[in-house]
Amino acid sequence: MFRLGIWLYPAIFVVILLCAWSYYVTVRVAKETEKLDSNKDVPIHEAIKDHPFILNPIIMMYLIVGLFMGIMIFYYWATSSSY
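Residues numbered from 1 in each chain as written. Predicted model: local features only at pLDDT ≥ 70, side-chain atom pairs only at ≥ 80, totals over all residues. Heavy atoms only, no water.

Student: Quick question: what am I supposed to make of the packing of aromatic side chains here?
Tutor: Geometrically, a pair of aromatic rings is defined through the distance of the ring centres and the angle of the planes. Evaluation of the coordinates by the stated rule reveals three aromatic pairs. Their ring planes at 45° and their centres at 6.0 Å tell us that tryptophan 21 and tyrosine 24 sit as a pair that is tilted. Of this pair, tryptophan 21 and tyrosine 24 both sit in helix α1 (residues 8-36), three residues apart, which is roughly one turn of the helix. Tryptophan 21 sits in the partly exposed class, given a relative accessible area of 25%. For tyrosine 24, a relative accessible area of 45% puts it in the partly exposed group. Between tyrosine 75 and tyrosine 76, the ring centres sit 5.2 Å apart and the planes meet at 80°, which makes this aromatic pair edge-to-face. The class for tyrosine 76 is partly exposed, based on a relative accessible area of 26%. (Phe/Tyr/Trp six-rings, centres within 6.5 Å; stacked < 30°, edge-to-face > 60°. Helix = DSSP H or I, 4+ residues; strand = E, 2+ residues; numbered from the N terminus. Buried < 20%, exposed > 50% of the residue type's maximum accessible area, 1.4 Å probe, protein only.)

Here's what the structure looks like:
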């Protein structure tokens, strides 16, 4: 039987991690945009050119949730008692 009780705190941790990462990236981009003080398009920042996926919170969410789900699947597979 599936019990969420053992996964409650890890799930809360993952949600907090995702929210913190999204907030950090959003504030970082907002500060850079504010520094430029321009309504025109600007060149792409070097950090984004070098690592375009790391600063995307949606892609990071998929990676973290995929890792978390993989750990859950492995846990239930490893502890299953069906021989």
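We are not done yet, so read on.
Student: Can you help me understand helix α3 (residues 57-78) in this one?
Tutor: With 22 residues, α3 should cover 32 Å at 1.5 Å per step; its first-to-last C-alpha distance of 31 Å lies within 8% of that length. Here α3 has its buried residues at Met60, Ile64, Phe68 and Met72. Projection of α3 onto a plane perpendicular to its axis shows the buried side chains occupying an angular sector of 105°, all on one side. Opposite the packed face of α3, turned more than 90 degrees from it, sit the exposed residues Tyr62, Leu63, Ile73, Phe74 and Trp77. (Expected span 1.5 Å × (residues − 1). Arc of directions from axis to C-beta.)

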